[in-house]
Amino acid sequence: MSDLIFLTGPVRSGKSARAVDLARPWGPGVVFVACYAADPTDSEMAARVARHQAERPTGWRTLEAPDDVGAALDALDPPPAGLLLDSVVTWAAARFDRPDDSILAEWAALLDRLRAAPYPAVVVADEIGWSPVPMDPALRRFRDLAGWLGQAAGAAATEAWLMVAGLPVRLK
């Protein structure tokens with residue numbers, strides 16, 4: 001069973017930078033699973049993607065939001081020295097047209113796979129439920145789904161951190 005590090009927190013809390021710092025010691029063979037759309041639809045999102053890409057160490061490979069992360073990892077040669085998945089919320093957004101039970105089952109299978117992998121992994125999530133309950137049903141569903149996915153990741157993790165104002169707070 002390998003290490004699975006779960007890193008969560010609000011927007012702009014320093015999650016992605018901390019995740020890179022945690023994975024950097026694993027060397028140049030780290031695979032970054034980018035769960036955002038490969039082609040950003042606006043300039044602000046494109047700038048965000050570019051900033052995140054610039055923060056990654058040279059030599060890391062990137063998988064751009066594969067539909068089946070497990071199959072994409074199986075196809076990698078050589079296999080990863082470590083994995084960084086950013087983020088759970090964007091991974092969920094890419095599957096939001098599916099039923100919740102299907103998304104939750106797919107996430108559970110991916111977490112099982114990461115725990116059984118011969119390399120360590122960092123999984124990044126966003127805490128989006130720290131605000132009033134949204135009035136829109138789709139937003140409520142998405143907020144709840146993100147919470148359930150985060151709970152599953154936290155339970156599966158060997159180590160868990162909350163980022164607040166750029167500072168890591170150890171949860172487990």
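You'll find the structure just up there.
Quick caveat: nothing in here was measured; it's all calculated off a predicted structure.

Trainee: Report on the overall build of the protein chain, specifying residues and quantitative values.
Mentor: Each helix and strand in the protein chain was counted, giving six helices and seven strands. Mapped in sequence order, the helices and strands of the protein chain form the string β-α-β-α-β-α-β-α-α-β-α-β-β. Its C-alpha atoms give the protein chain a radius of gyration of 15 Å, within 12% of the compact-globule value 16 Å for 172 residues. Seen along its three principal axes, the alpha-carbon backbone of the protein chain occupies a region of about 45 × 35 × 35 Å. A burial count over the protein chain gives 44% of its 172 residues as buried. Pairs at least 24 residues apart make up 75% of the contacts formed inside the protein chain by residues separated by at least 6 positions. Within the structure as shown, the protein chain displays about 8500 Å² of accessible surface, and the carbon and sulfur contribution to it stands at 59%.

Trainee: Give a description of unusual backbone geometry that names residues and reports values.
Mentor: For the bond from Asp77 to Pro78, the omega torsion is 5°, close enough to zero to count as cis. Mapped onto the elements, Pro78 comes out in the loop between α3 (69-74) and β4 (82-86). The amide bond that connects Asp86 to the next residue, Ser87, takes the cis arrangement and shows omega of 5°. Inspection of the secondary structure assignment puts Ser87 in the loop between β4 and α4 (88-93). For Arg12, which is not a glycine, the phi torsion comes out positive at approximately 60°. Of note, Ala165 is a non-glycine position whose phi angle comes to about 50°, a positive value. Within the secondary structure, Ala165 sits in the loop between β6 (159-164) and β7 (167-170). Given a relative accessible area of 70%, Ala165 falls into the exposed group.

Trainee: Got a sec to walk through the environment of Trp107? Specific residues and values, please.
Mentor: Here Trp107 shows up in helix α5 (residues 100-116). Relative accessible area serves as the criterion here: at 1%, Trp107 is assigned to the buried category. Each C-alpha atom of the pair Trp107 and Gly27 lies 26 Å from the other, and the pair is 80 residues apart in sequence. Discounting chain neighbours no more than four positions away, the residues touching Trp107 are Leu85, Val88, Trp91, Val123, Leu149, Ala152 and Ala153. For Trp107, the side chain forms a polar contact with the main-chain oxygen of Leu149, separated by 3.1 Å.

Scoring rules and cut-offs
Residues numbered from 1 in each chain as written. Predicted model: local features only at pLDDT ≥ 70, side-chain atom pairs only at ≥ 80, totals over all residues. Heavy atoms only, no water. Helix = DSSP H or I, 4+ residues; strand = E, 2+ residues; numbered from the N terminus. Rg over C-alpha atoms; globule rule 2.2 N^0.38 Å. Buried < 20%, exposed > 50% of the residue type's maximum accessible area, 1.4 Å probe, protein only. Contact = heavy atoms within 4.5 Å. Areas by Shrake-Rupley, 256 points an atom, 1.4 Å probe, with all protein chains shown as cover. Polar contact = N/O pair within 3.5 Å; in protein donor to acceptor, adjacent residues only side chain to side chain.

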